[in-house]
Amino acid sequence: MGILSLCVFCLRTYVAAQFMERGVAIAADWQAAVTLFTHDFPLPLITPVWSAGLFVAADIVCAVLLILGAFMSSACVGLLMINAASLFFEPLLWDLTRPAPLLFRLYSSAALLMLLACGPGHLSFDALRKAGRRP
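Residues numbered from 1 in each chain as written. Predicted model: local features only at pLDDT ≥ 70, side-chain atom pairs only at ≥ 80, totals over all residues. Heavy atoms only, no water.

Within an unreviewed UniProt entry, the label attached to the protein reads DoxX, and the organism entered is Achromobacter kerstersii.

(A) Representation of the UniProt feature "transmembrane region" (unreviewed entry) in the protein in the model. In this structure's numbering, the residues bearing the UniProt feature "transmembrane region" (unreviewed entry) are residues 41–68, 75–94 and 106–125. Across residues 41–68, the secondary structure splits into 75% helix and 0% strand, with the terminal C-alpha atoms separated by 30 Å. Between the C-alpha atoms that bound residues 106–125 there is a distance of 27 Å. The span itself is 70% helix and 0% strand. (UniProt positions renumbered as here; feature names shortened; annotations may be inferred. Helix = DSSP H or I, 4+ residues; strand = E, 2+ residues; numbered from the N terminus.)

(B) Here's a closer look at a nonpolar patch on the surface. On the surface, a nonpolar cluster with roughly 420 Å² of combined accessible area is contributed by Val64, Ile67, Leu68, Phe125 and Leu128. Within the residue set of the nonpolar patch, elements represented by two or more residues are helix H3 (48–68) and helix H6 (125–133). Element by element, the count of residues in the nonpolar patch is highest for H3, at 3 residues. Looking at the element boundaries, leucine 128 is found in helix H6. With a relative accessible area of 56%, leucine 128 lands in the exposed category. (Patch = residues over 30% accessible without salt bridge, like charges linked within 9 Å, V, L, I, M, F, W, Y side chains within 5 Å. Areas by Shrake-Rupley, 256 points an atom, 1.4 Å probe, with all protein chains shown as cover. Salt bridge = Lys/Arg side-chain N within 4 Å of Asp/Glu carboxyl O. Buried < 20%, exposed > 50% of the residue type's maximum accessible area, 1.4 Å probe, protein only.)

(C) Molecular detail of unusual backbone geometry. One non-glycine residue, leucine 45, adopts positive backbone phi at about 70 degrees. Looking at where leucine 45 falls in the secondary structure, it is placed in the loop between helix H2 (30–40) and H3. Judged by its relative accessible area of 92%, leucine 45 is exposed. Unlike most non-glycine residues, phenylalanine 71 shows phi in positive territory, near 50 degrees. Tracing the backbone through its elements, the reader meets phenylalanine 71 in the loop between H3 and helix H4 (72–89).

Right under this line is the structure:
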């Protein structure tokens, strides 16, 4: 198994926890989330209710998949798409007087790209699935 698998597991868990916390916080105050997607973070071609729902669902579902190491490539790409949408469509993100949200997006994107490059490691459902296929 090795130390690399443990490090990958810890990185997966840390990144997923950040997205899970964000998704749960948005879902906890749904009216504020809809207001956020109406005024501060409007997405083209999608109503604010749908965009808030999609972001919450993607944050939570992809985070759970990332922790489990199940369909990890899809989970990483989903979270990278959330980060990309935030970078392109959220104008408040680029307010450099409070750089924490921008740095979160950049650091989490780097971690997700690293996870895509390294793979899920041995402590994952993807590894169990691959091991079950071998004769």
